[in-house]
Amino acid sequence: MTKRIGILTSGGDCAGLNAVIRAIVLHARGRYGWEVVGIREGTQGLLDRPPRAQTLGPDDATGLMLRLGGTILGTTNKGDPFAYPMADGTVVDRSNEVIAGVRALDLDAVIGIGGDGSFRILHRLARQGGFPLIGIPKTIDNDLGLTEMSIGYNTAVGVATEALDRLQPTAASHSRVMVLEVMGRDAGHIALAAGIAGGADVILIPEIPYRIAAIGAKIEDLKRTGRNFALVVAAEAVLTEEGQHKGVGGSSGGTIRYGGIGAYLAERIAQATGAETRVTVLGHVQRGSMPSWTDRMLASAFAVHAVDLIAVGKSGRMVAWSYRQVIDVPIEDAVAHFQAVDIDGPLVKTARGLGICLGDA
Ligand code: F6P
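Parameters at a glance
Residues numbered from 1 in each chain as written. Predicted model: local features only at pLDDT ≥ 70, side-chain atom pairs only at ≥ 80, totals over all residues. Heavy atoms only, no water. Near = heavy atom within 4 Å. Polar contact = N/O pair within 3.5 Å; in protein donor to acceptor, adjacent residues only side chain to side chain. Areas by Shrake-Rupley, 256 points an atom, 1.4 Å probe, with all protein chains shown as cover. Nonpolar A, V, L, I, M, F, W, Y, C, P; charged D, E, K, R; others polar. Domains from an automatic or database assignment. Helix = DSSP H or I, 4+ residues; strand = E, 2+ residues; numbered from the N terminus. Buried < 20%, exposed > 50% of the residue type's maximum accessible area, 1.4 Å probe, protein only. Contact = heavy atoms within 4.5 Å. 1 Å grid on protein atoms, 1.4 Å probe; cavity = no way out; pocket = protein on both sides within 12 Å on 5 of 7 lines; lining within 4 Å. Points joined across faces, edges and corners; volume = space filled by probe spheres on them. Core = buried A, V, L, I, M, F, W, Y, C linked by side-chain atoms within 4.5 Å. Axes fitted to C-alpha atoms, helices over the stretch in contact; angles between N-to-C directions. Parallel < 35°, antiparallel > 145°, perpendicular 65-115°, else oblique. Left-handed = near helix turned anticlockwise from the far one by under 90°. Phe/Tyr/Trp six-rings, centres within 6.5 Å; stacked < 30°, edge-to-face > 60°. Lys NZ or Arg CZ within 6 Å of the ring centre and 35° of its normal. Arc of directions from axis to C-beta.

1. Regarding the site of the ligand
Surrounding the ligand, one finds Asn77, Ile140, Asp141, Met183, Gly184, Arg185, Glu236, Ser252, Arg257, His284 and Arg287. In the model, an oxygen atom of the ligand is placed 2.6 Å from a nitrogen or oxygen of the glutamate 236 side chain. Starting from 400 Å² of accessible surface for the ligand in isolation, the protein chains cover 83%. Class assignment of the residues belonging to the shell around the ligand gives a composition of 2 nonpolar, 4 polar and 5 charged. Counting only domains with at least three residues in the shell around the ligand, you end up with domain 1 (4–151 + 291–322) and domain 2 (156–287 + 342–353).

Following this line, the structure appears as structure tokens:
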């Protein structure tokens, strides 16, 4: 039976989203002969009348899409339809308008490419509106439960690792301590993986409380071995020693916009050690990039599985990567399980085994 399925990208963009769209178009059209509709800017496009959407065809399934960063559909991390902020300052429930948008487009099912926040909203909408929904996990933060990897994470770690590769020679040339602040929201996955891959001396993640004195001691140790520089990676949600978050003002998807812990640490490390410090805030550079091969592969595998799930009448499932397989899990279970860094897990052990200071010793 022919179907008409919708795709939307929701929440912060990342590398690999267009690769997902491409693979959905290829598989849904090629294998099943379905029509594929791209919804513009997440649920925002479904609130407009007529809903903002475009039919996706062969031109959206080219090799270029594999390589292209961002999302051709646009996205938003604002405007929860259940608590929608109106121009006049009021907050209203517009969920039924979004559902009417799905009906107006005559969609048999929707594939949402998003993170935990987006999935909570989409899952609620799908249940309320009675339309089938399949989720594909994407987030550079890699904090979604029940999947070992989400799309965008691998590319973001690659960018952060390359930043360390570029900081090392300049740090060594000037005998400096370089502090690199990376994204990741409340999880330290990017900092930990990139810190290990990029040869950091100190890695600070929100999951492990630190002391400046411990970082100072590590830098003094390095000096004693003849090292004239140090590389420090800090996840954006690391607290100050006094236990405060550093924010840059405004909100990101309704929560605090992190930023500034790198500068704070650079100043404190300089005071504690007398070292000359510099700070680099990597920011959105980690999101926009040509996707890594891993993200392209993951995007393609997730998309094919998602389309197959719709074909067999499944709904409310999120595709996931687990032990070299693509599986699917209930969306509510995935979002209920925030995946922080496991402080007894293999990467923390690896970092400690390499003598990397995690700020707590
Ligand atoms: O969740 C992805 C992410 O890039 C976080 O790592 C970061 O804190 C946040 O989004 C930034 O959001 P915005 O694009 O709203 O600045």
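2. What about the side chain of threonine 161?
Topologically, threonine 161 is positioned in helix 6 (residues 153–174). With relative accessibility at 14%, the residue threonine 161 sits in the buried group. The contact partners of threonine 161, leaving out residues within four places of it in the chain, are Ala194, Ala197 and Gly198.

3. What about the layout of surface pockets?
Estimates place the volume of the second largest pocket at around 330 Å³. As for the second largest pocket, its lining consists of 14 residues, of which Glu148, His189, Gln339, Pro346 and Leu347 are closest to the centre. By residue number, the principal contributor to the lining of the second largest pocket is helix 12 (residues 346–353), which donates 3 residues. Here the residues of the lining of the second largest pocket are counted per class, giving 8 nonpolar, 4 polar and 2 charged.

4. Things to note about the nonpolar core
The nonpolar side chains of a soluble globular protein tend to be buried, and buried together. In this structure, Ile5, Ile24, Ile136, Tyr210 and Leu265 are the most contacted members of the largest nonpolar core, which totals 88 residues. With 9 residues, the top contributor of residues to this core is helix 6. Here this core spans two domains, and each of domain 1 (4–151 + 291–322) and domain 2 (156–287 + 342–353) adds at least three residues to it. Beyond its immediate chain neighbours, meaning those up to four positions away, tyrosine 210 contacts Leu204, Ile215, Val238, Leu239, Thr240, Glu241, Ile261, Tyr264, Leu265, Leu358, Gly359 and Asp360. Listed in part, the 26 residues of the second largest apolar core include Val102, Leu105, Leu125 and Val335.

5. What to know about the packing of helix 1 (residues 17–32) against helix 10 (residues 293–311)
Axis separation between helix 1 and helix 10 bottoms out at 8 Å; the angle between their running directions is 40°. Overall, the two elements helix 1 and helix 10 adopt an arrangement that is oblique. For helix 1 against helix 10, the interelement crossing comes out right-handed. For the pair helix 1 and helix 10, contact is made by Ala19, Val20, Ala23, Ile24, His27, Ala28 and Tyr32 and by Arg296, Ala299, Ser300, Ala303, Val304, Val307, Asp308 and Ala311, respectively. Per-class residue counts for the contact of helix 1 with helix 10 are 11 nonpolar, 2 polar and 2 charged.

6. Details of the packing of aromatic side chains
Using the criterion set out here, one finds 1 aromatic pair in the structure. Residues tyrosine 32 and tryptophan 34 carry aromatic rings whose centres are separated by 4.6 Å and whose planes lie at 20° to one another, so their mutual orientation is stacked. Classification of tyrosine 32 as partly exposed rests on a relative accessible area of 24%. Residue class for tryptophan 34 comes out buried when judged on its relative accessible area of 4%. Above the face of the tyrosine 84 ring, arginine 94 is positioned so that its terminal group lies 4.8 Å from the ring centre.

7. Focus on helix 4 (residues 95–104)
Regarding helix 4, the residues found buried are Ser95, Val98, Ile99, Gly101 and Val102. Down the axis of helix 4, the sector holding all buried residues measures 150°, keeping them to one side. The exposed set on the far side of helix 4, more than 90 degrees from its buried face, consists of Asn96, Arg103 and Ala104. Elements that come into contact with the buried residues of helix 4 comprise helix 2 (43–47), strand 6 (109–114) and helix 5 (116–129).

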